Amino acid sequence: MSNPVLAELIRGGMVESRHSGAVAVSDPEGRLVLALGDVTRPVFPRSAVKAFQALPLLESGAADKLGLTDADIALAVSSHGGEPRHVEQAAAMLAKAGRDAGTLECGAHAPSFRPAAWALLRAGEEPSALHNNCSGKHAGFICLACASDRDPHHYIEAGHPVMREVMGAVNAMSGAALAGDGVGIDGCSIPTQAAPLAGVARGFARFGTGAHLGPERAKAAARIRRAAAAEPFLVAGTRRFCTEIMTIFGERVFVKTGAEGVFCAAFPELGYGIALKCDDGGTRAAELMMAGVIAKLLPLSDSEAEALRSFLEPVQKNWNGLEVGRLRLAGALA
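In this text the structure is predicted, and so the values were computed from the model without any measurement.

Engineer: How should I be thinking about the overall build of the chain in this particular structure?
Structural biologist: The helix and strand tally for the chain stands at 14 helices and 12 strands. Relative to a compact globule of 334 residues, whose C-alpha radius of gyration would be 20 Å, the chain shows 19 Å and is just as compact. Dimensions of the chain along its principal axes, counting C-alpha atoms only, are 60 × 50 × 40 Å. Residue burial in the chain is summarised as follows: out of 334 residues, 55% are buried. The long-range share in the chain, meaning contacts at least 24 apart out of those at least 6 apart in sequence, stands at 64%. By element, 52% of the accessible surface of the chain is carried by carbon and sulfur atoms, the whole surface being about 13,500 Å².

In structure tokens form, the structure reads like this:
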């Protein structure tokens, strides 16, 4: 089954690029409200399911035991840009567990937010694991281990007790694989589990409503949503789609990006979960697709519609700042 074209890049009045993809919108029972393309094929949702990976941190009582704040919890589900506040918050989380950056096993890379990377270079400093876009998630894993008196060493491995809990939560929420060909290694070195978009969307419908979840898991999901809405900057960063969308909509929309063109979301008031993937892995088209789903399904106030407009008609500029093209929705999302 070929996935439909859902986004196009226009340059000089012509279609220069086409982006195909698949979109699943589900209710908590797994009934598909919208299905575009093949939503049954397993994909790796990558960082888009960090909220599922963080559930054990909260439902175990570890977050309360260590006194984690909304800022800590928002960072635990983030893919951040390595800006100073992100780095400081990750270090603060680790300190609450009695640990430091040396415990992180995510690897080091330069901040993805370019001004932060240049600032680090000008200061003559090397990037550390705290700058890794997944350092908040990893700090959450370390907090979970330490709060339960478990050695965090090798927490990234599938056999570690913390990672077994994390993988189990993702499996329970989305039907993701626990072993075999459906389990790979993510960019931050933890296991990444493949699942059908339809299953991931159903999981986000349950995440957004608490339906079909036990009381502790439902409470944990609600707390993660509140934390992300309260601290959207920590979920991503300056000029990032997730931060901007949750700033506009607050608790009406929980949205999270993943690598290779994946986006997931929950619309709690509608009871819908959303999972989509741009086939070519392009973030720009995946962002446009998610903005299109928001515009298509969510009732918008005049101010929300105006704020969303720039995400529905993203302009492409060259290095001289000249407008050279525009992205537009196509197919069933147009």
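Engineer: Could you clarify how one ought to interpret helix α5 (residues 84-96) in this entry?
Structural biologist: Residues that lie three or four places apart on an α-helix share one face, since the helix turns once every 3.6 residues. In a regular helix each residue adds 1.5 Å, so 13 residues correspond to 18 Å; α5 covers 19 Å between its end C-alpha atoms and thus fits that length. Within α5, burial applies to H86, V87, Q89, A90, M93 and L94. Projected down its long axis, α5 carries its buried residues within an arc of 165 degrees, all on one side. Residues of α5 that are exposed and point more than 90 degrees away from the buried face comprise P84, E88 and A95. Elements in contact with the buried residues of α5: α4 (70-76), α7 (135-147) and α11 (232-235). Backbone geometry just after α5 places G98 at a positive phi near 75 degrees.

Engineer: Is there a simple way to explain the environment of R164 in this structure?
Structural biologist: Here R164 is to be found in helix α8 (residues 161-174). In sequence terms R164 and A145 are 19 residues apart; their C-alpha atoms lie 12 Å from each other. Look past the residues within four positions of R164 in its chain and what remains in contact with it is A158 and G159.

Engineer: Any chance you could explain the layout of surface pockets here in plain terms?
Structural biologist: By rolling a water-sized probe across the atoms, one finds the places where empty space is left. By volume, the largest pocket amounts to about 1,100 Å³. Of all the secondary structure elements, the ones that give two or more residues to the lining of the largest pocket are α6 (114-122), α12 (241-249), β8 (254-258), α13 (283-297), α14 (302-312) and β11 (315-317). Across the lining of the largest pocket, the residue classes break down as 14 nonpolar, 16 polar and 8 charged.

Engineer: For this particular structure, what's the right way to read the packing of aromatic side chains?
Structural biologist: To describe a pair of aromatic rings, one takes the distance between the centres and the angle between the planes. Enumeration according to the criterion identifies 8 aromatic pairs in this entry. Ring centres of F52 and F207 lie 6.1 Å apart, and the angle between their planes is 65 degrees; on these two criteria the pair is classed as edge-to-face. One end of the pair, F52, is in helix α1 (residues 50-53); the other, F207, is in helix α9 (residues 197-209), and 155 residues separate them in sequence. As far as the burial class goes, F52 and F207 line up, both buried. Ring centres of F204 and F254 lie 6.4 Å apart, and the angle between their planes is 20 degrees; on these two criteria the pair is classed as stacked. You can see F204 sitting in helix α9 and its partner F254 sitting in strand β8, a full 50 residues away along the chain. On the basis of relative accessibility, which here comes to 0%, the residue F204 falls in the buried class.

Engineer: It is not clear to me how the pattern of salt bridges should be interpreted in this structure. Could you clarify?
Structural biologist: When the charged atoms of two side chains lie near each other, side chains of opposite charge can form a pair. A complete count under the given rule lists 16 salt bridges for this structure. The shortest N-O distance in the salt bridge between E269 and R252 comes to 2.7 Å. Taken together, the positions of E269 in the loop between β9 (262-267) and β10 (272-278) and R252 in the loop between α12 and β8 put the pair 17 residues apart, joining distant regions of the chain.

Engineer: Where do I start with the side chain of D186 in this structure?
Structural biologist: The topology assignment puts D186 in the loop between β5 (183-185) and β6 (191-193). The class of D186 is buried, set by a relative accessible area of 8%. A distance of 2.6 Å separates polar atoms of two side chains, one belonging to D186 and the other to R46. Setting aside chain neighbours within four positions, we find D186 in contact with R46, S47 and T192.

Engineer: Just to check I follow, could you spell out the packing of α12 against α14 for this structure?
Structural biologist: Helix-helix packing is characterised by the crossing angle of the two axes and by the distance between the axes. Across the interface, α12 lies against α14 with an axial gap of 10 Å and an inter-helix angle of 170 degrees. The pairing of α12 with α14 is recorded here as roughly antiparallel in orientation. Facing α12, whose interface residues are F241, E244, I245, I248 and F249, α14 presents E304, A307, L308 and F311. In terms of residue class, the contact of α12 with α14 is made up of 7 nonpolar, no polar and 2 charged.

Engineer: Is there a simple way to think about the packing of α12 against α13 in this case?
Structural biologist: Close contact between α12 and α13 brings their axes to 11 Å; oriented N to C, the two are set at 15 degrees. One finds that α12 runs roughly parallel with respect to α13. Crossing of α12 against α13: the hand is right-handed. Across the interface between the two elements, F241, I245 and F249 from α12 touch E287, M290, A291 and I294 from α13. Taken together, the residues of the contact of α12 with α13 sort by class into 6 nonpolar, no polar and 1 charged.

Criteria and thresholds
- Residues numbered from 1 in each chain as written.
- Predicted model: local features only at pLDDT ≥ 70, side-chain atom pairs only at ≥ 80, totals over all residues.
- Heavy atoms only, no water.
- Helix = DSSP H or I, 4+ residues; strand = E, 2+ residues; numbered from the N terminus.
- Rg over C-alpha atoms; globule rule 2.2 N^0.38 Å.
- Buried < 20%, exposed > 50% of the residue type's maximum accessible area, 1.4 Å probe, protein only.
- Contact = heavy atoms within 4.5 Å.
- Areas by Shrake-Rupley, 256 points an atom, 1.4 Å probe, with all protein chains shown as cover.
- Expected span 1.5 Å × (residues − 1).
- Arc of directions from axis to C-beta.
- 1 Å grid on protein atoms, 1.4 Å probe; cavity = no way out; pocket = protein on both sides within 12 Å on 5 of 7 lines; lining within 4 Å.
- Points joined across faces, edges and corners; volume = space filled by probe spheres on them.
- Nonpolar A, V, L, I, M, F, W, Y, C, P; charged D, E, K, R; others polar.
- Phe/Tyr/Trp six-rings, centres within 6.5 Å; stacked < 30°, edge-to-face > 60°.
- Salt bridge = Lys/Arg side-chain N within 4 Å of Asp/Glu carboxyl O.
- Polar contact = N/O pair within 3.5 Å; in protein donor to acceptor, adjacent residues only side chain to side chain.
- Axes fitted to C-alpha atoms, helices over the stretch in contact; angles between N-to-C directions.
- Parallel < 35°, antiparallel > 145°, perpendicular 65-115°, else oblique.
- Left-handed = near helix turned anticlockwise from the far one by under 90°.

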